[in-house]
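What the coordinates show
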Amino acid sequence: MDKKLLIVGNWKMHLTVHQSSLLVHRLQERIATHRDVEVVLAPSMLALQPLSMEIDRRRFRLAAQNAYHKDEGAYTGEVSFAMLGDLVHYAIVGHSARRLYFGETLDIVRDKVQAAVRNDIVPIICIGETKQERDAGETKQVIHDQLTTALMNLTGKEIENIVLTYEPVWAITTFDGIVAKPRDVQEAIRFMRHQVEELYGERTANAVRVLYGGSVNEHDVRSYLELPEVDGVLVGAASLNYHQFSEIVKIAHQVQTEQN
Ligand code: PGA
């Protein structure tokens, strides 16, 4: 498979606009342009506009962490995918923090995925079970439900262009932070691709990019990126540290070089 590895830094609700600029500056000093690795930064909504002017677009792309699924209207406090169209290439959709803290249901996630695609923004759709669900043996059911509803209104062609992320809630630093075994990640991602294949065919299942997310850092990233099923990683805590994040990008390039 001849895909670039995708490394996404999710800064969550951290860093002021000024601090965000400083971090980008530091990353630009450390991260070289690699043809085989794509690096995406997801700062706060507020920092997107200034960073869109500051980033070197040959090296970085921007992602929103969230947006509202209607294009415009009397939705006080919200920002739409339509408004973000000129600023970002990607948007994270259905992150577990949104599902758990902000009540995003399967249907809301489905509408947001559709709104992103409608506005030419590539959704990075997060899918994964909680610890309780895993302990109850419900992992596959949860993945199936989240995945099939999120993709419900898209065509196979549209799905080829989106990004899925297996991000078990129990592996996220700020939830349980349990380091996932590569074998478990592999099994879950195979299952996700299998679901896509059943519904949309083999071509779509091979084309869709699938990332892993959850406590990824410079020490464990290689064990995930070496899995043939994994097309990249979604990084939270470690993306706020320029040493760690630039090291992760460097390792991604090494893995690509070794495999090709
Ligand atoms: P983490 O976060 O890398 O800090 O576990 C990942 C995420 O929530 O996207």
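Everything numeric here is computed off the predicted structure, so don't read it as measured data.

Rules used throughout
- Residues numbered from 1 in each chain as written.
- Predicted model: local features only at pLDDT ≥ 70, side-chain atom pairs only at ≥ 80, totals over all residues.
- Heavy atoms only, no water.
- Buried < 20%, exposed > 50% of the residue type's maximum accessible area, 1.4 Å probe, protein only.
- Helix = DSSP H or I, 4+ residues; strand = E, 2+ residues; numbered from the N terminus.
- Pairing = 2+ DSSP bridges.
- Phe/Tyr/Trp six-rings, centres within 6.5 Å; stacked < 30°, edge-to-face > 60°.
- Lys NZ or Arg CZ within 6 Å of the ring centre and 35° of its normal.

1. Some details on the pairing of strand S7 (residues 209–213)
Extensive coverage of S7 is indicated by the burial of 5 of its 5 residues. Residue alternation in S7 divides its side chains into two sets, Arg209, Leu211 and Gly213 and Val210 and Tyr212, and both sets are buried. Two strands pair when backbone bridges link them, and strand S6 (residues 163–166) and S7 are joined in this way by 4 bridges, in the parallel orientation. If you follow Val163 over to S7, its bridge partner there is Arg209.

2. Considerations on the packing of aromatic side chains
Under the counting rule described, the total for this entry stands at 5 aromatic pairs. Centroid distance Tyr101 to Phe102: 6.5 Å. Interplanar angle 80°. Geometry classified as edge-to-face. Note on Tyr101: relative accessible area 55%, which makes it exposed. Ring centres of Tyr212 and Tyr224 lie 4.5 Å apart, and the angle between their planes is 35°; on these two criteria the pair is classed as tilted. Taken as a pair, Tyr212 in strand S7 and Tyr224 in helix H11 (residues 221–225) lie far apart in primary sequence, 12 residues in all. This pair shows no difference in class: Tyr212 is buried, exactly as Tyr224 is. Here the aromatic residues Tyr101, Phe102 and Phe175 are joined through ring pairs into a cluster of three or more. The ring of Phe102 carries Arg98 above its face, with NZ or CZ at 4.2 Å from the centroid.

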